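# Survey of secondary and tertiary structure
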Amino acid sequence: MQIQPSNVLNYMKNKREIRDFILNNKKIILTLLFILFFISFYFLVDFSTQSLVAHDEGLYARRARLIAYSDNWLSPPFTFPHHKTLGSYWFIALSIRLFGNSEIALRLPSILSSFLCLICSYLIALKVTNKKSALISVFSLTSMPLWIQYSRYASPDLPFVLCILLVILFFLKSLDSSDYIRQYFYIFLSGLFVSTSFFIRSYMAFVPLIGLTPFIVYQLFRKKYVFRTLFCTGILLGLCPTFLNLYFSLQKFGITGITALYAFAKKQAVGDAVFNELTLLPLNFLYLTFPTGILLIILFIFTRSNIKINYPLLIFYYPLISLSLLLFMSTSYPHYYLFLLPSFSIIFSSYITSNSFRYSYSKASIGYLLFIIMLFLSSILLFSIIFYNDLIIQYSLGKPFIVYILSIFVLLSYLISIRFLFDIKYFKFNILNFFYNIIIPQYIYLSLLFNFGFLGNPNYKIKLFLKDEGVSSIIKTNTIYLLNVDSKTQTLLSYYLPSSKVINNYDEVSKYRYLITSNSNYLKKLNVKQSFISVKKFDNHLLFMNVSK
């Protein structure tokens with residue numbers, strides 16, 4: 001068959017058009033490809049290598065499953081009054097209904113919420129700074145170890161952060177919009193997400209909302225009465241699920257169904273300690289937000305930002321008030337600070353984008369400080385690779401080579417980044433390039449370690465035990481009874497084995513066919529050990545079968 005000359009000409013013409021299009025839009029195409037590459041690390045997760053963290057993930061998973069298969073998602077399906085509103089479990093429960101009982105179902109709400117948080121954070125930063133600063137704020141947020149960890153964690157923390165960001169974003173959009181209908185719509189949505197955040201995180205929502213109060217009140221009282229009315233209407237409408245949840249709790253448990261919520265919040269917030277763990281807080285902040293945290297402190301001391309920040313009540317006073325409240329709480333875990341990370345990243349981006357030195361020695365001080373820090377971190381990483389080889393092999397799921405390659409990759413990035421700290425022949429002092437040289441390899445490094453189970457996978461032995469051919473055949477068709485199992489393992493087994501039951505009446509142990517216990521001597525103590533034989537062992541736990549049945 002002969003090819004027509006016209007077809008050849010058309011082919012060549014199309015080829016030239018495609019080539020010209022790519023060349024003319026090279027920057028945009030490369031940017032989009034980089035964004036897709038960056039985003040891919042959020043979703044390329046090997047869930048066969050994941051296991052739940054006890055207690056928190058196991059508890060959220062178990063409670064969410066109870067809600068997922070209950071008839072009324074607003075009525076607590078628990079046997080005792082619960083200390084949280086049911087919104088804490090709704091997203092996980094919905095994911096379970098859609099995708100079944102698996103790690104992907106449990107962690108998908110956090111993965112999606114984290115991704116949406118990045119978009120919201122970028123749009124907020126865009127309104128208060130500029131495009132370059134907004135983009136840097138997103139990169140700094142994604143590289144923080146605490147953010148990476150909880151982006152793959154089965155909990156309501158990231159959906160809660162998303163709600164707080166939506167409160168801020170819609171409020172800002174109502175201020176900036178020139179169309180009255182859109183202004184009314186956005187201010188209503190902002191109020192709606194205020195109360196939604198309470199339904200998801202209970203009294204913990206008061207911390208960021210109190211921090212936002214000066215900004216919101218100041219802006220609302222500059223607007224017409226209708227804005228305040230619509231904002232309050234959104235809050236009241238958003239409270240409907242919370243009121244219904246409390247109503248059903250009252251019907252089922254009496255007044256304790258409501259007071260349990262307050263009692264737990266009081267226990268977390270009020271205690272003997274003032275500024276809880278004050279000595280550890282700076283270290284936790286530097287570690288969990290590296291490199292943004294340490295760079296922000298150094299830049300704040302030695303430089304001043306040249307970027308004009310819009311809405312200072314939002315950017316500076318909101319995180320300051322919220323942080324002060326968290327410091328005064330008697331119990332404060334790292335994930336309580338998650339909602340502050342977008343604000344810290346925006347402040348950081350304003351300093352690193354455009355700054356001027358405060359002192360004549362600022363430039364040299366920044367260079368030498370970061371040089372010492374990078375050498376120190378590189379030494380720790382290298383020391384860990386060399387002297388903790390046995391632990392790496394043990395916790396690398398039989399793939400230590402991947403851990404070594406990734407560790408060397410991030411180690412080289414730390415060392416190479418030093419070239420941007422001094423005025424040498426080819427590279428001038430450039431703190432922004434120094435930052436990029438660290439955060440992109442670190443983001444890839446930590447994301448892959450979490451995605452493939454090298455980190456965040458503390459109970460993989462339990463999953464290996466349950467996947468064992470002999471064990472899986474037993475648990476599929478039999479009820480497994482849990483006898484004197486430690487609380488964390490019991491929490492996980494109660495989720496992974498839906499038909500399992502905890503033994504409370506020890507006098508009737510002999511009538512059960514299959515037992516899991518963490519203490520085989522306990523059976524001897526109950527004078528029934530001769531009736532059971534060991535089927536499988538994991539860690540210090542054993543699966544027994546009753547041979548007398």
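Residues numbered from 1 in each chain as written. Predicted model: local features only at pLDDT ≥ 70, side-chain atom pairs only at ≥ 80, totals over all residues. Heavy atoms only, no water.

### Observations concerning the overall build of the protein
Here is the rule we go by: Helix numbers and strand numbers start at the N terminus; a helix is a DSSP run of H or I with at least 4 residues, a strand a run of E with at least 2. Exposure is judged per residue with a 1.4 Å probe applied to protein chains only, and the accessible area is read against the type maximum: over 50% gives exposed, under 20% gives buried, and values in between give partly exposed. Using a 1.4 Å probe, the Shrake-Rupley method yields the accessible areas, and only the shown protein chains count as cover for residues. The positive count covers Lys and Arg only, the negative count covers Asp and Glu only, and His and the chain ends enter neither. Note on charges: their place is set at NZ of Lys, CZ of Arg, CG of Asp or CD of Glu.
Scanning the protein from terminus to terminus reveals 25 helices and seven strands. For the protein, the spread of C-alpha atoms along the principal axes amounts to about 80 × 70 × 65 Å. For the protein, the residues scored as buried account for 49% of the 549 residues in total. Total accessible area computed for the protein in this model is approximately 27600 Å², and 65% of it derives from carbon and sulfur atoms. On the protein, the mean spot of the 48 positive side-chain charges and the mean spot of the 20 negative ones are 8 Å from each other.

### Some thoughts on unusual backbone geometry
A cis amide bond links Phe290 with the next residue in sequence, Pro291, at an omega value of 0°. Among the structural elements, Pro291 can be located in the loop between α14 (281-288) and α15 (292-302). Here the phi dihedral of Tyr311 falls at roughly 55°; this positive angle occurs in a residue that is not glycine. Although it is not a glycine, Asn484 sits at a positive phi angle of roughly 55°. With respect to the secondary-structure elements, Asn484 resides in the loop between β3 (481-483) and α24 (487-496).

### Digging into the sheet that holds strand β7 (residues 541-546)
Condition: A pair of strands is treated as paired once DSSP finds two or more bridges between them. The contact criterion used is simple: two residues touch if any of their non-hydrogen atoms lie within 4.5 Å. The axes are straight lines fitted to the C-alpha atoms, using for helices just the contacting stretch, and the angles between their N-to-C directions are given from 0 to 180°.
Strand order across the open sheet formed by five strands is β4-β3-β5-β7-β6, with mixed pairing between neighbours. Both edges of this open sheet fall to β4 (501-502) and β6 (532-538), since each of them pairs with a single strand only. In this structure, strand β5 (residues 514-517) lies alongside β7, joined through four bridges in antiparallel fashion. Bridge assignment links Ile516 to a residue of β7, and that residue is Leu543. With respect to the sheet, α24 is in contact with β3, β4, β5, β6 and β7, its orientation differing from that of β3 by roughly 180°.

### Some remarks on the nonpolar core
Operational definition: Throughout this description, the term nonpolar core refers to a set of buried Ala, Val, Leu, Ile, Met, Phe, Trp, Tyr and Cys residues connected via side-chain atoms within 4.5 Å.
In this structure, Trp147, Leu314, Leu326, Phe339 and Phe434 are the most contacted members of the largest nonpolar core, which totals 114 residues. When near neighbours in sequence (up to four residues on either side) are disregarded, Trp147 contacts Tyr42, Ser114, Cys117, Leu118, Leu141, Thr142, Leu158, Val161, Leu338, Leu341 and Pro342.

### Observations concerning the pattern of salt bridges
Note the following rule: One side-chain nitrogen of Lys or Arg within 4 Å of one carboxyl oxygen of Asp or Glu is enough to make a salt bridge.
Under the definition given, this model contains five salt bridges. A salt bridge links Lys127 to Asp176, with the shortest nitrogen-to-oxygen separation between them at 3.3 Å. Linking Lys127 in helix α5 (residues 103-128) with Asp176 in helix α8 (residues 157-176), this pair joins segments that are 49 residues apart in sequence. For Lys127, a relative accessible area of 23% puts it in the partly exposed group.

### Topic: the environment of Pro145
Considering the arrangement of structural elements, one finds Pro145 in helix α7 (residues 145-150). The class for Pro145 is buried, based on a relative accessible area of 14%. Residues Pro145 and Thr289, 144 residues apart in the sequence, show an inter-C-alpha distance of 6.0 Å. Setting aside chain neighbours within four positions, we find Pro145 in contact with Tyr287, Leu288, Thr289, Phe290, Gln442 and Leu446.

### Observations regarding helix α16 (residues 312-328)
Along an α-helix, residues three or four apart share an orientation, since each turn contains 3.6 residues. Operational definition: In a helix, the anticipated span is given by 1.5 Å times the number of residues less one.
With 17 residues, α16 ought to run about 24 Å at 1.5 Å a step, and its terminal C-alpha atoms sit 24 Å apart, in line with that. If you follow the buried residues of α16, they end up packed against α5, α8, α10 (206-220), α14 and α17 (341-353).

### Points about the packing of helix α9 (residues 180-201) against helix α11 (residues 225-238)
Describing two packed helices takes the angle between their axes plus the distance from one axis to the other. Put simply, the rule is: Here a crossing is called left-handed whenever its near helix is offset anticlockwise from the far helix by less than a right angle, and right-handed whenever the offset is clockwise. Note on residue classes: Ala, Val, Leu, Ile, Met, Phe, Trp, Tyr, Cys and Pro are nonpolar, Asp, Glu, Lys and Arg are charged, and everything else, Gly too, is polar.
Between α9 and α11, the least distance of the axes is 7 Å, while the angle of their chain directions is 35°. In the packing of α9 onto α11, the handedness of the crossing is right-handed. Contact with α9, carried on its side by Gln183, Tyr184, Ile187, Phe188, Ser190, Gly191, Leu192, Val194, Ser195 and Thr196, involves Val226, Phe227, Leu230, Phe231, Thr233, Gly234, Ile235, Leu237 and Gly238 of α11 and no other residues of that element. Residue composition of the contact of α9 with α11, by class: eleven nonpolar, eight polar and no charged.

### A closer look at the environment of Ser356
Note the threshold: Polar contacts here mean pairs of N or O atoms no more than 3.5 Å apart (in protein, one a potential hydrogen donor and the other a potential acceptor; neighbouring residues in sequence count only if both atoms are side-chain atoms).
Note on placement: Ser356 falls in strand β2 (residues 355-357). Using a relative accessible area of 23% as the deciding quantity, one classes Ser356 as partly exposed. Considered as a pair, Ser356 and Leu455 are 99 residues apart in the sequence and their alpha carbons are 39 Å apart. With residues near it in sequence (within four places) discarded, Ser356 still touches Phe302, Thr303, Arg304 and Asn306. In this structure the side chain of Ser356 is engaged in a polar contact, spanning 3.3 Å, whose partner is the side chain of Asn306.

### A closer look at the packing of aromatic side chains
The condition is simple: Here the aromatic set is Phe, Tyr and Trp, taking the six-membered ring for Trp, and pairing holds for ring centres within 6.5 Å; pairs whose planes are under 30 degrees apart are stacked, those over 60 apart are edge-to-face, and all others are tilted. Only when the NZ of Lys or the CZ of Arg is both within 6 Å of the ring centre and within 35 degrees of the ring normal is a charge said to sit over the ring.
Summed over the entire model, instances satisfying the criterion amount to 41 aromatic pairs. Ring centres of Phe41 and Tyr443 lie 5.9 Å apart, and the angle between their planes is 80°; this geometry places the pair in the edge-to-face category. Here the residue Phe41 occupies a position in helix α2 (residues 26-43), and Tyr443 occupies one in helix α21 (residues 431-451), the gap between them amounting to 402 residues. With a relative accessible area of 7%, Phe41 lands in the buried category. Ring centres of Phe198 and Tyr203 lie 5.5 Å apart, and the angle between their planes is 85°; this geometry places the pair in the edge-to-face category. What makes Phe198 buried here is its relative accessible area of 12%. Members of the aromatic cluster, connected to one another through ring pairs, are Phe37, Phe38, Phe41, Phe139, Phe348, Phe435, Tyr436 and Tyr443. In this structure, Arg152 is placed above the aromatic ring of Tyr42, and the distance from its NZ or CZ to the ring centre is 5.6 Å. Positioned above the aromatic ring of Phe227, the side-chain terminus of Lys223 is 5.2 Å from the ring centre.

### Observations concerning helix α23 (residues 469-477)
As a reminder, the rule being used: Directions from the helix axis toward the C-beta atoms define the arc.
When we look at burial in α23, the residues that qualify are Val471, Ser472, Ile474 and Ile475. Viewed along the axis of α23, the buried residues span an arc of 165°, placing them on a single side of the element. Residues of α23 that are exposed and point more than 90 degrees away from the buried face comprise Glu469, Lys476 and Thr477. If you follow the buried residues of α23, they end up packed against α22 (460-467), β5, β6 and β7. For α23, the N-terminal cap is Asp468; the gap from its side-chain oxygen to the backbone nitrogen of Gly470 is 3.0 Å.

These results come straight from atomic positions and should not be treated as a statement about function.
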